Amino acid sequence: MKARRHLDPTMILFVAVGLGLTSCSGAEERPDQVDPVGEFALVSVNGMAVPADITEQGMTIRVSSGAMSINADGTCSSSTVFQAPSGEEVTRDVTATYTMEGDSLTLDWEGAGTTVGVLVGDTFTMDNHGTIFVYERGR
């Protein structure tokens, strides 16, 4: 007949907690938060280098340049220079507040709706209602 061993309740608790910590350790580890703060220059629109022509509501508009400032206080601003079909140059300046989760920024533009962007390294890509803007952080 084999002798039965009894484990000390403290030992059982120690083993259970140790296993629990081991199994959860990967879930608790997250990469450092991406730092979005900086000045970004518009480099492409819909995959075309700036200046780029885009079609909006049946009209071709040239995007001449653009810049985005993302601030540490949860605000940002964007300035984009367009050339209308008439040849007139128009600058559109807008401001927003943003929230960040991982590498995604949700931008709530003042009077202009909400867009979502992703920051990977120094590249910020934003889908503005189907038009893809790519910005590069200045060095």
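This structure is a prediction, so every number in the text was calculated from the model and none was measured.

J.: Tell me about the overall build of the chain, residues and numbers included.
T.: A tally of regular secondary structure across the chain gives one helix and ten strands. Reading the secondary structure of the chain in the N-to-C direction produces α-β-β-β-β-β-β-β-β-β-β. Taking all 139 residues of the chain together, the buried fraction comes to 26%. Sequence separation of 24 or more characterises 34% of the internal contacts of the chain that already satisfy a separation of 6 or more. Just so you have it, the chain exposes about 9,500 Å², and 55% of that area is on carbon and sulfur atoms.

J.: Pulling in residues and values, what's your account of the layout of surface pockets?
T.: Each pocket or cavity is described by its volume, and for the largest pocket that value is around 410 Å³. Around the largest pocket, the lining is made up of 17 residues, and of these Thr80, Phe82, Arg92, Asn128 and Phe133 lie nearest the centre. Secondary-structure elements contributing two or more residues to the lining of the largest pocket are β3 (52–56), β5 (75–83), β6 (89–101), β9 (123–128) and β10 (131–137). For the lining of the largest pocket, the per-class residue count stands at nine nonpolar, six polar and two charged.

J.: Hey, could you go over the pattern of salt bridges for me, with residue numbers and the actual values?
T.: Evaluation of the coordinates by the stated rule reveals two salt bridges. Measuring nitrogen to oxygen at the nearest pair gives 2.8 Å for the salt bridge that ties arginine 137 to aspartate 122. Residue arginine 137 is located in strand β10, and its partner aspartate 122 is located in the loop between β8 (113–120) and β9; the two are separated by 15 residues in the primary sequence. For arginine 137, a relative accessible area of 17% corresponds to the buried category.

J.: Describe the nonpolar core, and please don't skip the residues or the numbers.
T.: By size, the foremost hydrophobic cluster in this structure holds 22 residues, and its most contacted members are Met68, Leu107, Trp109, Phe124, Met126 and Tyr135. Contributing elements (two or more residues each) for this core: β1 (38–45), β3, β4 (59–70), β5, β6, β7 (104–109), β9 and β10. The biggest single contributor to this core is β4, with four residues. Ignoring any residue separated from it by four or fewer positions in sequence, one finds methionine 68 in contact with Gly38, Glu39, Phe40, Ser77, Ser78, Trp109, Phe124, Met126 and Tyr135.

J.: I'd like a description of the side chain of threonine 115, backed by residues and values.
T.: Residue placement: threonine 115 occurs in strand β8. A relative accessible area of 3% means that threonine 115 is categorised as buried. Polar contacts involving the side chain of threonine 115 include one to the side chain of tryptophan 109, which spans 2.8 Å. The contacts of threonine 115, once residues within four sequence positions are left out, are Leu105, Thr106, Leu107, Trp109, Met126, Asp127, Asn128 and His129.

J.: Please provide a residue-by-residue account of unusual backbone geometry, values included.
T.: Following valine 50, the chain continues to proline 51 via a peptide bond in cis, the omega torsion being 5 degrees. With respect to the helices, strands and loops of the structure, proline 51 is situated in the loop between β2 (48–49) and β3. Although it is not a glycine, glutamine 57 adopts a positive phi angle of roughly 50 degrees. As for its position among the elements, glutamine 57 is in the loop between β3 and β4. For glutamine 57, a relative accessible area of 81% translates into the label exposed. Positive phi, close to 55 degrees, is recorded for histidine 129, a residue that is not glycine. Structurally, the position occupied by histidine 129 is in the loop between β9 and β10.

Scoring rules and cut-offs
Residues numbered from 1 in each chain as written. Predicted model: local features only at pLDDT ≥ 70, side-chain atom pairs only at ≥ 80, totals over all residues. Heavy atoms only, no water. Helix = DSSP H or I, 4+ residues; strand = E, 2+ residues; numbered from the N terminus. Buried < 20%, exposed > 50% of the residue type's maximum accessible area, 1.4 Å probe, protein only. Contact = heavy atoms within 4.5 Å. Areas by Shrake-Rupley, 256 points an atom, 1.4 Å probe, with all protein chains shown as cover. 1 Å grid on protein atoms, 1.4 Å probe; cavity = no way out; pocket = protein on both sides within 12 Å on 5 of 7 lines; lining within 4 Å. Points joined across faces, edges and corners; volume = space filled by probe spheres on them. Nonpolar A, V, L, I, M, F, W, Y, C, P; charged D, E, K, R; others polar. Salt bridge = Lys/Arg side-chain N within 4 Å of Asp/Glu carboxyl O. Core = buried A, V, L, I, M, F, W, Y, C linked by side-chain atoms within 4.5 Å. Polar contact = N/O pair within 3.5 Å; in protein donor to acceptor, adjacent residues only side chain to side chain.

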